Amino acid sequence: MDALIIEVLDRFGKVKTRHRVESFPCKIGRDFSNNIILDDTYISPNHITIEQSENSFLLQDNESMNGVYNVHPFKKLDSLAIENNSRIRIGHTDIRFNFTDHNVKETLKDRDVPSQLAMLVSNVFVLPIVWFIFCAAFMIDSFIEETGLITFQKLLSETLPLLIFIIIWALIWATISKVVTHRFYFIFHAIWVSCLTIASTILDNFSKYFEFSFSISGSAYIISLISSIVITSLLFYGHLHYSTTLTAIKSKYISITTSIVIIGMIEIFSLLNATEFSNTPRYSSVIKPPMFILAPASTIDDFFAGTTNIKDNIDEELQNTTSSLINKAINN
Amino acid sequence: MLKIKHSKFSISLYFTFILLNLFIVNLFTPPVFASTQGVFTQYKNRLTQIRIVDKTTNSKTTIGSGFFVNNKGLIATNYHVISKHVFEPNQYRIEFVLHDRKKTKKVYPAKLINFDVIHDLALLETNLKNTPFLKLNKKSLKKGEKIFSIGNPHDLGMAIITGTYNGLTNDSMNKRIHLSSAINSGMSGGPSITSTGEIIGVNVASAGNQIGFLVPVNYLRNLLKKHAIPKSKITAKQFIPEISLQLLANQTLYISKILSSPFKTKKLGKYEVPDKLANYLTCWGDSETKELPYKASQNSCATKNDIYLAQGFTTGDIHYSHTHISSKDMNVFRFSHVLQNYFKRPDVLLTGKKKYFTNYECKTDFIENDSMKFKLSFCLRGYKHLKNVYDMILTAASLNENHTGIQTNLILAGISYENANLFSKKYLEAFSWTP
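What you see is a predicted model, and the numbers here were worked out from it, not measured in a lab.

**Observations concerning the nonpolar core**
Residue and element names in this part refer to chain B.
Phase 1: With 63 residues, the main nonpolar core has Ile82, Phe87, Phe115, Ile243 and Leu309 as its most contacted residues.
Phase 2: Isoleucine 82 has contacts with Ile50, Ile52, Thr77, Ile94, Leu112, Ala122 and Leu124, leaving out every residue within four places of it along the chain.
Phase 3: In this structure, Leu376, Ile415, Ala420 and Trp433 belong to the second largest nonpolar core, which totals 44 residues.

**Remarks on the sheet that holds strand E3 (residues 75-77) of chain B**
All names here are of chain B.
Phase 1: Spatial ordering of the closed barrel is given by E1-E2-E3-E6-E5-E4, a layout of 6 strands whose pairing is antiparallel. Pairs of neighbouring strands in the sheet enclose a mean axial angle of 40°, with direction left out of account.
Phase 2: Two elements, strand E1 (residues 47-54) and strand E2 (residues 59-68), share 8 bridges in a ladder whose sense is antiparallel. Along E2, the bridge assignment pairs glutamine 49 with serine 65.
Phase 3: Its contacts with the sheet place helix H4 (residues 217-228) against E2, E3, strand E5 (105-116) and strand E6 (121-125), and it is angled at close to 45° to E6.

**A short note on the state of the cysteines**
All names here are of chain B.
Phase 1: Within this structure, the stated rule accounts for 2 disulfides over all chains.
Phase 2: The partner cysteine of cysteine 283 in its disulfide is cysteine 301, sulfur to sulfur 2.0 Å. Taking the sign of the S-S torsion, 110° for the link of cysteine 283 and cysteine 301, the bridge is right-handed. Placement of the pair is cysteine 283 in strand E16 (residues 282-287) and cysteine 301 in strand E17 (residues 295-302), with a sequence separation of 18 residues.
Phase 3: Assessed through its relative accessible area of 5%, cysteine 301 is described here as buried.
Phase 4: In this model cysteine 362 forms its disulfide with cysteine 379; the gap between the sulfur atoms is 2.1 Å. When the S-S torsion is 110°, as for the bridge of cysteine 362 with cysteine 379, the disulfide is right-handed. Linking cysteine 362 in strand E21 (residues 361-368) with cysteine 379 in strand E22 (residues 373-382), this pair joins segments that are 17 residues apart in sequence.
Phase 5: Here cysteine 362 falls in the partly exposed class, since its relative accessible area comes to 23%.
Phase 6: With a relative accessible area of 0%, cysteine 379 lands in the buried category.

**Thoughts on the domain arrangement of chain A**
Phase 1: Along its sequence, chain A is carved into domain 1 (4-99) and domain 2 (116-273).
Phase 2: Once you take the C-alpha centre of each, domain 1 of chain A and domain 2 of chain A turn out to be 55 Å apart.

**Some words on the sheet that holds strand E9 (residues 79-82) of chain A**
Phase 1: Pairing is mixed across the open sheet formed by 5 strands, whose spatial order is E4-E3-E5-E6-E9 (chain A). At either end of the open sheet lies a strand with only one pairing partner, and these are strand E4 (36-37) and E9 of chain A.

**Examining the packing of aromatic side chains**
Phase 1: Under the criterion given, the structure shown has 36 aromatic pairs over all chains.
Phase 2: Centroid distance Tyr185(A) to Tyr242(A): 5.2 Å. Interplanar angle 80°. Geometry classified as edge-to-face. Residue Tyr185(A) is located in the loop between helix H3 (152-181) and helix H4 (186-214), and its partner Tyr242(A) is located in helix H5 (residues 219-243); the two are separated by 57 residues in the primary sequence.
Phase 3: By relative accessible area, Tyr185(A) is classed as buried at 18%.
Phase 4: On the numbers, 5.5 Å between centres and 80° between planes, the contact of Phe374(B) with Phe431(B) is edge-to-face.

**Digging into the interface of chain A and chain B**
Phase 1: Between chain A and chain B, the residue contacts involve 60 residues of the former and 75 residues of the latter.
Phase 2: With both chains or domains summed, chain A and chain B bury close to 5,900 Å², and 64% of this area falls on carbon and sulfur atoms.
Phase 3: Taken together, the connections running from chain A to chain B amount to 1 salt bridge.
Phase 4: Salt-bridge contacts for Asp301(A) lead to Lys425(B); the nearest nitrogen and oxygen are separated by 3.6 Å.

**Observations regarding helix H3 (residues 79-87) of chain B**
Phase 1: Among the 9 residues of H3(B), 8 are classified as buried, and the element is accordingly described as predominantly covered.
Phase 2: Turning to H3(B), its buried residues are Tyr79(B), His80(B), Val81(B), Ile82(B), Ser83(B), His85(B), Val86(B) and Phe87(B).

**A short note on the confidence of the model for chain A**
Keep in mind that low pLDDT regions are not for reading the predicted coordinates in detail.
Phase 1: Mean pLDDT over chain A works out to 88, with 96% of the residues at or above the 70 mark.
Phase 2: The element-level mean pLDDT for chain A is lowest in helix H1 (residues 116-122) of chain A, coming to 69, with helix H7 (residues 300-305) of chain A highest at 95.

**Section: helix H2 (residues 126-145) of chain A**
One turn of the α-helix equals 3.6 residues, which is why residues spaced by three or four share an orientation.
Phase 1: For H2(A), which comprises 20 residues, the first-to-last C-alpha distance of 29 Å matches the rise-based estimate of 28 Å (1.5 Å per residue) to within 8%.
Phase 2: Val126(A), Leu127(A), Val130(A), Trp131(A), Phe134(A), Cys135(A), Phe138(A), Met139(A), Asp141(A) and Ser142(A) are the residues of H2(A) that are buried.

Calculation notes
- Per chain, the residues get numbers from 1 upward, laid out in the order the sequence is written.
- Going through the entries in the order they are written, you letter the chains from A and number the ligands from 1.
- Local features in a predicted model are, by the rule used here, given only for residues with pLDDT of at least 70; side-chain atom pairs are given and counted only at 80 or more, and totals for whole chains, interfaces and linings are based on all residues.
- To obtain the side-chain values, all non-hydrogen atoms of the structure were included, while hydrogens and water were left out.
- Side-chain atoms within 4.5 Å are what join buried Ala, Val, Leu, Ile, Met, Phe, Trp, Tyr and Cys residues into a set we call a nonpolar core.
- Accessible area is worked out with a 1.4 Å probe on protein chains only. A residue is then buried under 20% of its type maximum, exposed over 50%, and partly exposed in between.
- Contacts are residue-level and defined by heavy atoms, with any inter-residue pair within 4.5 Å sufficient.
- Note on pairing: DSSP must find at least two bridges between two strands before they are called paired.
- We count a stretch as a helix when DSSP gives it H or I for four or more residues in a row; a strand needs E for two or more, and each element gets its number in order from the N terminus.
- What counts as an axis is a line fitted to C-alpha atoms, over the stretch in contact for a helix, and the angles between N-to-C directions run from 0 to 180 degrees.
- Note on terminology: disulfide denotes any pair of cysteine sulfur atoms within 2.5 Å.
- Each domain's extent is set by a domain assignment, obtained either automatically or from a database.
- Pairing of aromatic rings covers Phe, Tyr and Trp, the last counted by its six-membered ring, and requires centre-to-centre distances within 6.5 Å; plane angles under 30 degrees mean stacked, over 60 mean edge-to-face, and any other angle means tilted.
- Buried area is a sum: the accessible area each of two parts loses on coming together, probed at 1.4 Å, counted once for each and added.
- Here a salt bridge means any side-chain nitrogen of Lys or Arg lying within 4 Å of a carboxyl oxygen belonging to Asp or Glu.
- Residue-level confidence of the predictor is what pLDDT reports, using numbers from 0 through 100.
- Multiplying one less than the number of residues by 1.5 Å gives the expected span of a helix.

And the structure:
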């Protein structure tokens, strides 16, 4: 045993600094003449000395004002024969001793900054252009869906709250970036969320056109379900990647699971809602301009020949209900 | 202040006029042989109060009126008075109340043995013998004839009110007698009779303001004829299946009648759409008056009366409507969105409770007839109690033009699957478009 590792702990018990001591005696205290200087005002200028005897290290209190304490069990010490993992307290600081060397973990690679994306993002024109496209896309969308009279202000008043929401969202992630990685990255977060929102609107519209054109009931639902999972995953992945120190694989897993959980929950609620009793029929109600019709129209006879399924479905559902209801009424 | 001085002459003239008037009235009014009081005392022993009693709490939950139709104690009343017993015969029992000579109330049990759910009639069997009863009227009546309606309004005791006969209604699928009289709830199931005590109908409904309705006596006669057939009595187990049978028979009758002749059509812009398909349907039109970038005008037709099955459970409605939508100012994308808003939700929906109905199941596709292309959605829901009876909602939007379209709804309640299909097919074939 020729070296002693001295670990200075913070108040949560985590290692703040490690010192490898090879020459003894080793002095610890607040004075600059010490081998290990601790900036704790409750520690005396020359608080303790550690000496090496043949096979052990001996800790000695240098008549300090506040003394030396053993932590487990807590008791005052004058001297201590140091063992592996001994933990003492001087002033408000805990110190742990280690005899053995440990293998350290692999060094984490920092992100390549500046990357191509970062270069793009650093261009001052990109964000305004993205936001312009964002506003235009949403205004066109609400223009088409507005069946009443339209004014520019009305369209703007529908789009602006969305933009404000996006700015707040980007700010939250930028703050997280700042706290965790010490970089603000607001522009990246803002561009990321804006682009993905535009993409989700485009996909949403695409799914409706697909459902209308090919007359496949429920296809819009499936397309938008898949695309919303993909887009939400991408959204979280981008934000996590640029605001935390998580590895790419971890970020991927976290973002995919989060988006599946969030969208899954929403879907479960809406599904529960859909199975509730209602006097309103639910059917594929998308209508787009006639030029988008791609599926062939069936003849009236063919259509009604195909309605037997819905009758059969209802009959199957009621197969046992009807007779049991009648029996229940009679044998109540 | 202004003072009016009457001369002695004018006062005497005035009295003479009044006296003369009284004389004329007395002279020209035919003598009333049967006073209201007379009718009441003569026939009140043929009437009874019907009560539906909850077996658990032993208290009455519904009251109505009824009357004897033969000397074997057979009572006629409305179906809707005893409908609770039909759906839950073991929870609710039927009782009727008679007053004896000392005016003490006596309660007897009664048994439901037949009903006509379409015309709201029911027959109850009792253990009484040699009962005084009312005869069915055979003579035809004239508008304005005096009619006496007897019943038990609001459980206040037997009462009689007079009304005048106003002929048969022609705005409902099943004809009813229109009576100008103050019939009200509780009098349901009671008879309306002539001064000679012959039943002309059974009190059934009130539309307020002296408008009352009677089930014409013919339907009661038919039910009694059915009852006369041996083994025609139905038991508690058959009540609900019997409703299905009657509903299905009834809809087959009126649907086949409508389908037997070609559908009358009406012009809406460049489109021909089904018009009034039966004279008992009431049709009206309306236009969107709000300031909008498109024009929408609607035509709809519907039945007025539905068939009562139980509280909150009615059926038998026919309703259809067409909305013609056009716009010069909107682009194709916006216009298709307007059309979608109309197509998304039928303008009228049937009401219903989870207890009685399933959810709708739908099929949606593009269809075409000779001149038109539609997006069509056909939805059915089942009746949890009634086999082979469905409600149907059909919604279609035309896709012939970019800036003009027709949206149509067809609602048929309490219909068989086959008739829903037949009617829908003929309905859709009736549409046409001339460019």
